[in-house]
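Observations on the three-dimensional arrangement
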Amino acid sequence: MALKGWRDIPIGGVVPAGGTAVEYKTGGWRSHRPELDRAKCNNCLLCWLYCPDCSINTKDAKITEFDWEHCKGCGICSEVCPIGAIKMVEEALVEE
Amino acid sequence: MKPSLTSTEIQVKGIAVALDGAKIVAQAMKQMNPDVVAVYPITPQTEIVTTFSEFVANGEVDTEMINVESEHAAMSACIGASAAGARAQTATTSAGMAFMWEVLYVASGTRLPIVMHFVNRALSAPLNIHCDHSDSMGARDAGWIQLFGENVQEAYDNAIQSLRIAEHPDVMLPVMHTQDGFVISHGIERAEILPDETVRSFIGTFNPQYSLLDPSKPTMFGPVALQDYYFEFKRQQVEGMDRALEVIPQIGEEYGRLTGRKYGLLEPYQMDDAEVAVVAMGSAAGTARGVVDTLREQGIAAGLLKIRCYRPFPAQAIAEALRGKKAVAVIDRAIAFGSQGNPVFLDVASALYTHRLDVKVLNYVCGLGGREVLPRHFDQAFQDLLEVARSGETSPVVRYLGLRE
């Protein structure tokens, strides 16, 4: 998203619409990322419920992938997983 | 004292009252009928709160009055109410505003047109409840418009104009208007208030561009803005302040057509042919005006430049008003410790320098902690100015009036 000049933004930092977080990519904040062990995961979706950034994508009540544009790497998904299927790995060690 | 209009030009006949500054501001609040008033009592502002709370208890206003636990909470409640689209007002003084300091910046940074009825009082320590301007000077860079009133009438007039200034779409900034503690806040004077319906039509209705309580247009107030946008929002605030320099006199003109009392950024008195002049704010300006009259009778070309609008600072207008003067004394009722002079002086001296005016200028500190500001003090300042005009020697630049050595 191209950054706008001061004349072209609403005053006072007001965000004049709902749902704009989708445009704000917070993935760059991440120092650690969740790694899902699909063999262990039973799709209880507690991680989906707890994720503060709605960054756990699902289809038909099953996890498909993480949303890397918005996942900040906070680790909550890993903490709440009752069977230890999500571990946090250092972002720098991840091979793209 | 004000530029007078003929009686046929004045649109509304005022109602004569005998009130002190605190009570007349409470009257103005009643007539403005704010949606929310969040306030915490503190001397010498308490009388505003107690008087207004009687209006609330008697059902004379529709205001939701929030008796908060602190001034920090008072300003925070005003911020929430204003973001929701309400007209929000508060009143405080001294340590009360010092406690608001953090959230003063949130109000201005969020561009919320909150009105603060302010009473000037010294800051501790030592503990002192009487007038000086240390408290409002602490907020001079907080992004609030600051108007200084000279007397009870101006406290009322500024209170009502503050709302219009704050809500002007080109401005959208919070406004504090001040009155000197006890000197004005507890000094009963004859003044005129407007009929209720005149105030109502003057202030109109507030139609905020954004409101938290409009479900058809969801908005968020107070988000984070980091390296990418924070700077741009601060630049916008500068623009709001700059535009206020145009809006404040426009509203002052409109108010003048209504009442016969016209307001600008400054109020020059005998300045056109003055050779020496005093620059003052608040009640001290009234004392200085009397001294100017006395000196004029003695054939001395003395003048007074009263600053009504201190933030935004009308640098250009001040430079124009002081152009060609032989010597000028700037009165400060506060100390900016460690600075090379005190707040009003620093601003005036900068305005002279940036407008390439070589006017000899002195800085007088007076009236701290309610110390009386007397005609003889201004007389002393004018005598010093005449000496400076003769000799060209300004040292020491910072001087004190009414201080025991």
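Residues numbered from 1 in each chain as written. Chains lettered and ligands numbered in written order. Predicted model: local features only at pLDDT ≥ 70, side-chain atom pairs only at ≥ 80, totals over all residues.

It is worth spelling out the overall build of chain A at this point. Along its length, chain A carries 2 helices and 4 strands. Counting helices and strands in the order they occur from the N terminus, chain A gives β-α-β-β-α-β. Its C-alpha radius of gyration of 16 Å places chain A more than 25% over the 12 Å reference for a compact globule of 96 residues. Relative to its full complement of 96 residues, chain A shows a buried share of 17%. Considering only residue pairs separated by 6 or more positions, chain A has 64% of its internal contacts joining residues 24 or more positions apart. (Helix = DSSP H or I, 4+ residues; strand = E, 2+ residues; numbered from the N terminus. Rg over C-alpha atoms; globule rule 2.2 N^0.38 Å. Buried ≥ 20, exposed ≤ 12 C-beta atoms within 10 Å, placed from the backbone. Contact = placed C-beta atoms within 7 Å.)

Moving on to the sheet that holds strand β15 (residues 398-401) of chain B. The strands that make up a sheet are held in pairs by hydrogen bonds between backbone atoms, and each pair lies either parallel or antiparallel. All names here are of chain B. Taken together, 6 strands build an open sheet; the order of strands is β9-β11-β10-β13-β14-β15 and the sheet is mixed. Looking at strand neighbours, the two that pair on one side only are β9 (266-269) and β15, the edges of this open sheet. Taken pair by pair, the neighbouring strands of this sheet meet at an average axis angle of 25°, ignoring direction. Bridge analysis of strand β13 (residues 327-332) against strand β14 (residues 360-366) gives 6 bridges, and the strand direction is parallel. Its bridge partner being in β14, Ile 331 is matched across the sheet by Tyr 364. Of the strands in this sheet, β9, β10 (276-280), β11 (302-307) and β13 are in contact with helix α9 (residues 284-297), which crosses β11 at around 165°. Across the sheet, helix α10 (residues 315-322) touches β9, β10, β11 and β13, and the angle it forms with β9 is around 5°. (Pairing = 2+ DSSP bridges. Axes fitted to C-alpha atoms, helices over the stretch in contact; angles between N-to-C directions.)

Let's shift gears to the environment of B:Ala274. Residues and elements named next belong to chain B. By the element assignment, Ala 274 lies in the loop between β9 and β10. Of the residues examined, Ala 274 has 25 C-beta atoms within 10 Å and is grouped as buried. Separated by 51 residues in sequence, Ala 274 and Lys 325 place their C-alpha atoms 6.8 Å apart.

Let us look at the pairing of β13(B). Residues and elements named next belong to chain B. Burial analysis of β13 places 6 of its 6 residues in the buried class, the great majority of the element. Of the two faces of β13, the one lined by Ala 327, Ala 329 and Ile 331 and the one lined by Val 328, Val 330 and Asp 332 are each fully buried. As paired strands, β10 and β13 are joined by 4 bridges and run parallel to one another. Its bridge partner lying in β13, Ala 277 is registered against Val 328. In the classification by handedness, the crossover that spans β13, the intervening helix α11 (residues 343-354) and the parallel β14 is right-handed. (Right-handed = clockwise from strand over helix to strand, strands pointing away.)

What follows covers helix α3 (residues 71-83) of chain B. Residue and element names in this part refer to chain B. With 13 residues, α3 ought to run about 18 Å at 1.5 Å a step, and its terminal C-alpha atoms sit 18 Å apart, in line with that. Of all the residues in α3, the buried ones are Glu 71, Ala 74, Met 75, Ala 77, Cys 78, Ile 79, Ala 81, Ser 82 and Ala 83. Next to the buried residues of α3 lie β2 (36-39), β3 (64-67), β4 (88-93) and α4 (94-109). At the C-terminal side of α3, Gly 85 shows a positive phi close to 100°. (Expected span 1.5 Å × (residues − 1).)

A separate point is the packing of α9(B) against helix α12 (residues 375-391) of chain B. All names here are of chain B. At a closest axis distance of 9 Å, the pairing of α9 and α12 adopts a crossing angle of 60°. Our classification of the angle between α9 and α12 gives oblique. Relative to α12, the crossing made by α9 is right-handed. The residues of α12 that touch α9, namely those facing Thr 287, Ala 288, Gly 290, Val 291 and Leu 295, are Pro 375, Phe 378, Asp 379 and Phe 382. Of the residues assigned to the contact of α9 with α12, the class counts are 6 nonpolar, 2 polar and 1 charged. (Parallel < 35°, antiparallel > 145°, perpendicular 65-115°, else oblique. Left-handed = near helix turned anticlockwise from the far one by under 90°. Nonpolar A, V, L, I, M, F, W, Y, C, P; charged D, E, K, R; others polar.)

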